[in-house]
Amino acid sequence: MYRFALALLCAGACGAQSAQSPQDLLKEAIALQQAGKFDAAIRDYRQILDKYPDIPEIRSNLGAALAGEGHYTEAIVEYERALSSKPDPQVRLNLALAYYKTTRLTEAIKALEEVRKESPSNFQALTLLADCHLRLGHNKEVISLLDSAGQADSDSPALVYLLGTALVRDGQTARGQVLIDKILKNGDSAEARLLMGTTKYMVGDFSGALADLQKAVELNSSLPDLNAYYGLALLSTGDQADARKAFERELQLNSNNFDANLRMGVLLRQDEDNAKAAQYLQHALQIRPGDFGVRYQIAALELSEGQVAAAIRDLESILKEAPQFTEAHVSLATAYYREKRKADGDRERAVVAELNAARQAKEAAVKAR
Amino acid sequence: MKLAMASAALCAASAAVAQSNGHPNWRTTRDCAACHPAQSRPHPATSMAHALESASECAILRTHPVLSFNSGKYSYRIERKGDQSIYSVSDGDTTFSAPIAWAFGLGAAGQTYVFEKNGAAYQTRVSYYRAIDGLDLTMGATNLSPANMVDAAGQLMDHDEKVACFGCHATNATHAKELTLDKMTPGVQCERCHGPSENHLTGIKTGNAELAKMSRLKSLSAEQISNFCGQCHRTWEQIAASGKLGIVDIRFQPYRLTNSKCYDTDDARISCLACHDPHREVDRIDSHYDSKCQACHGGGKASAAVCKVAKQNCVGCHMPKLELPGSHNKFTDHQIRIVRANEVYPN
């Protein structure tokens, strides 16, 4: 890429008047970037691009330097411009990484799927794609992706872990257990304990989950998602104070953890710290756009803030997509009454009564079996 | 740490109440009685006014020198010693004991105790029940098998539980989700419902009508009152969303009332306050509520049917008293309805 860009510069630089030639400037920019001096590299790349704006390699280099500085949004713009001139799987992978870093996971998935079309054996693209789906709660997609990629029997710890987590979260605990055993063969590890804890949590064995997750924290407290699950287990066993600390730890390590953001929002809403709660909930929604749970919490927050019209709009929108969401009907009834819309409130209460009766009948039938 | 500090404050507050009835910042019904005698005078005799008592002042503990109960291998005893009531649990080998700090509930149905041990607050595993004039397992503890002496003695109360319990059973016990037991008056007193009265009193004294204004609960709709009382007696929203339905919700009157066919969010005739004056003890004579029912069912509301069976003792049939398992008490079901023979409890 460097040589190619250099050649283009040579072709375009004939007659150019500059204190430093474009070739030298590019050499300097690349050296600076390799030395981790992204700020200076960005300055040089921009200087070159001012004169030669159509060289995609330099634009993608600028994107990489911007990403190195943590300016992912600007990096995305540069990568996209570079790709519009010339498709390149590596640049597209970088673009996907930038989307991933900015929690634009849906766009990251689209980019990664393109990468996999262009370069089917790209292992990093596969791993990142599975991770994006997992973060969005698309467990079935992770399983299908890794199965179809022939990775079900992979020895890669990352893929075993991703597949195991998706299986456990999807309720396929028996198949998940096989992968847990595979991880355990290499000795007790935080990864194995996290998977075991997650499995127990999913089947409602909260004290068992807590024990495993506690052990996982002792083994490696910086494992992604671990503190969030530990927090969930603590919440389920009634230890709200320690749960909050666990969520805070998760967010320090990984500000884009969905569960930690959601639960922090809920806990802060309980404490009536609505401004902070809104920040966490909005971030959770950014991670999983459209998630009913987060949207419900945001609507409930609006209701408690007196933004009744906004709450009604959001709750009605949720219920169009999820008409069986009892809590949303409950809150919508309350919101209607506050707006003096008695008939609508009564209708929602009747729906709640029907849903609760149906749920109880179902529970009774299960008990009778 | 927070728990330990709050619990230490819990017992200190209990001692303060035992030693003194007059904190300079406490405004009791006596302060309000000068201008609001009709509301203030009957209030000290209500159950709500005694929703929380210090162990030293608790009438049940004072009049029962010894209360005892056995459950499995554990034997329980509450013994009066001077101004203290000592709660002890023994498994035959070891004995755990601690002084009771607080008694929750007047005991019309039952009374549960709170004690402190090693800086933490616990709810006793046994409670007093009026119907048996003695102890039995606390509701909610009936299915638990204690793993050790501490579990057998009681259930650890976390911060939120203490805030919820003291917040409802006492006045000025919490502020912004924190316990403020140093400012607490036991029981539901004027300020628990009407809010802080300091500005009101200053306004009255200085002739500042604006400052003297207090929120008018009377102006709230049936729905708003239901939610107001439901802060402690549980709202329809809380119970409906929790999914925890069954006979246990009979204690949650606002929820039950809201489920009634005749409940109307905008009609004051079905508001909690239409039947209950919170300044007076609840009236337990069925016929005293007839006029409340007849306000609608006597022809006052077109959509309200006139009863073909009787015009008296309406609540006796339409608000049945049902036994809540484990409570040794029958609660009036506030879901007003035509009760069918052998009906399944309607959620």
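> Quick one: what's the story with the overall build of chain A, residue by residue and with numbers?
Each helix and strand in chain A was counted, giving 21 helices and 0 strands. Across its three principal axes, chain A shows a C-alpha extent of roughly 85 × 60 × 35 Å. A buried classification covers 49% of the 369 residues belonging to chain A. In chain A, once contacts between residues fewer than 6 apart in sequence are set aside, the share between residues at least 24 apart is 46%. In the form shown here, chain A has an accessible surface area of approximately 17,600 Å², with 51% of it arising from carbon and sulfur atoms. A gap of 2 Å separates the mean positions of the 44 positive and 50 negative side-chain charges of chain A.

> Go over the interface of chain A and chain B, please, and point to the residues and values.
Counting residues at the interface gives 18 residues for chain A, matched by 17 residues for chain B. The junction of chain A with chain B conceals about 1,500 Å² of combined surface from both sides, 47% of it contributed by carbon and sulfur atoms. The three residues of chain A that bury the most area against chain B are Val330(A), Lys342(A) and Arg349(A), which together make up 35% of that side's buried surface. At the junction of chain A and chain B, the tally comes to 2 salt bridges. Of the charged contacts, one joins Arg349(A) and Glu223(B) as a salt bridge, the two residues approaching to 2.7 Å between their closest N and O atoms.

> Hey, could you go over the pairing of strand 7 (residues 120-129) of chain B for me, with residue numbers and the actual values?
The side chains of a regular strand alternate between both faces of the sheet. Residues and elements named next belong to chain B. Burial runs high along strand 7: 9 of the 10 residues are buried. Between strand 6 (residues 110-117) and strand 7, which pair antiparallel and follow one another directly, the connecting turn spans 2 residues, one of which, Asn-118, has a positive phi of 50°. Of the strand pairs in this sheet, strand 7 and strand 9 (residues 154-156) are connected by 3 bridges, and their pairing is antiparallel. Its bridge partner being in strand 9, Thr-124 is matched across the sheet by Gly-154. As paired strands, strand 7 and strand 8 (residues 134-137) are joined by 4 bridges and run antiparallel to one another. Each residue of the ladder has a partner; that of Tyr-129, found in strand 8, is Gly-134. The antiparallel pairing of strand 7 with strand 8 creates a hairpin that spans 4 residues between the two strands, and Asp-133 there sits at a positive phi of about 45°.

> Help me get a handle on helix 21 (residues 342-368) of chain A, residues and values and all.
Owing to its 3.6 residues per turn, the α-helix aligns residues three or four sequence positions apart on the same side. Helix length check: helix 21 of chain A, at 27 residues, gives a terminal C-alpha distance of 39 Å against a target of 39 Å (1.5 Å per residue), a fit within 8%. Every buried residue of helix 21 of chain A is listed here: Asp344(A), Gly345(A), Glu348(A), Arg349(A), Val352(A), Leu355(A) and Asn356(A).

> How would you sum up the state of the cysteines? Please name residues and give values.
All names here are of chain B. Applying the stated criterion to the full structure yields 1 disulfide over all chains. One disulfide in the model links Cys-168 with Cys-232; its S-S distance is 2.2 Å. Measuring handedness by torsion sign, the sulfur bridge of Cys-168 and Cys-232 sits at about -95° and is left-handed. Note that Cys-168 is positioned in helix 6 (residues 159-169) and Cys-232 in helix 10 (residues 222-233), a separation of 64 residues in sequence. A residue is classified by how much of its surface remains accessible, and Cys-232, at 28% relative accessible area, is partly exposed.

> Describe the nonpolar core, and please don't skip the residues or the numbers.
One finds Tyr45(A), Leu112(A), Leu146(A) and Leu213(A) to be the most contacted residues of the largest nonpolar core, which totals 96 residues. It is helix 10 (residues 157-169) of chain A that provides the largest number of residues to this core, a total of 8 residues. Judged by nonpolar contacts, the second largest core, of 26 residues, contains Leu61(B), Ala103(B), Leu135(B) and Met149(B).

> Provide a residue-level description of the environment of Ala152(B), including the pertinent values.
Residue and element names in this part refer to chain B. Looking at the secondary structure, you find Ala-152 in helix 5 (residues 149-153). Through-space distance from the C-alpha of Ala-152 to that of Ser-90 is 8.9 Å; in sequence the pair is 62 residues apart. In this structure, Ala-152 is in contact with Tyr-74, Tyr-76, Tyr-87, Val-89, Arg-125 and Pro-146, ignoring residues within four places of it in sequence.

> Can you tell me about the side chain of Thr198(A), naming the residues and giving the values?
Examined against the element boundaries, Thr198(A) turns out to sit in helix 12 (residues 190-202). Ignoring anything within four residues of it in the chain, the contact list for Thr198(A) reads Val168(A), Arg169(A) and Tyr229(A).

> Lay out the packing of helix 8 (residues 123-135) of chain A against helix 10 of chain A with the relevant residues and their values.
All names here are of chain A. Following both chains from N to C, one finds helix 8 and helix 10 inclined at 25°, their axes separated by 10 Å at the closest point. By the angle class used here, helix 8 and helix 10 are roughly parallel. For the crossing formed where helix 8 meets helix 10, the hand is left-handed. Contact residues: Phe-123, Leu-126, Thr-127, Ala-130, Asp-131 and Leu-134 in helix 8; Ala-158, Leu-159, Leu-162, Thr-165, Ala-166 and Arg-169 in helix 10.

> Any details on unusual backbone geometry? Residues and values, ideally.
Residues and elements named next belong to chain B. The phi dihedral of Asn-118 is positive, around 50°, even though this residue is not glycine. Residue placement: Asn-118 occurs in the loop between strand 6 and strand 7. A positive phi angle is found at Asp-133, which is not glycine, with a value near 45°. Relative to the helices and strands, Asp-133 resides in the loop between strand 7 and strand 8.

Analysis parameters
Residues numbered from 1 in each chain as written. Chains lettered and ligands numbered in written order. Predicted model: local features only at pLDDT ≥ 70, side-chain atom pairs only at ≥ 80, totals over all residues. Heavy atoms only, no water. Helix = DSSP H or I, 4+ residues; strand = E, 2+ residues; numbered from the N terminus. Buried < 20%, exposed > 50% of the residue type's maximum accessible area, 1.4 Å probe, protein only. Contact = heavy atoms within 4.5 Å. Areas by Shrake-Rupley, 256 points an atom, 1.4 Å probe, with all protein chains shown as cover. Lys, Arg positive; Asp, Glu negative; His and termini not counted. Charge placed at Lys NZ, Arg CZ, Asp CG, Glu CD. Buried area = accessible area lost by both parts, 1.4 Å probe. Salt bridge = Lys/Arg side-chain N within 4 Å of Asp/Glu carboxyl O. Pairing = 2+ DSSP bridges. Expected span 1.5 Å × (residues − 1). Disulfide = S-S within 2.5 Å. Core = buried A, V, L, I, M, F, W, Y, C linked by side-chain atoms within 4.5 Å. Axes fitted to C-alpha atoms, helices over the stretch in contact; angles between N-to-C directions. Parallel < 35°, antiparallel > 145°, perpendicular 65-115°, else oblique. Left-handed = near helix turned anticlockwise from the far one by under 90°.

Honestly, that's just the spatial picture; any functional story needs more than this.
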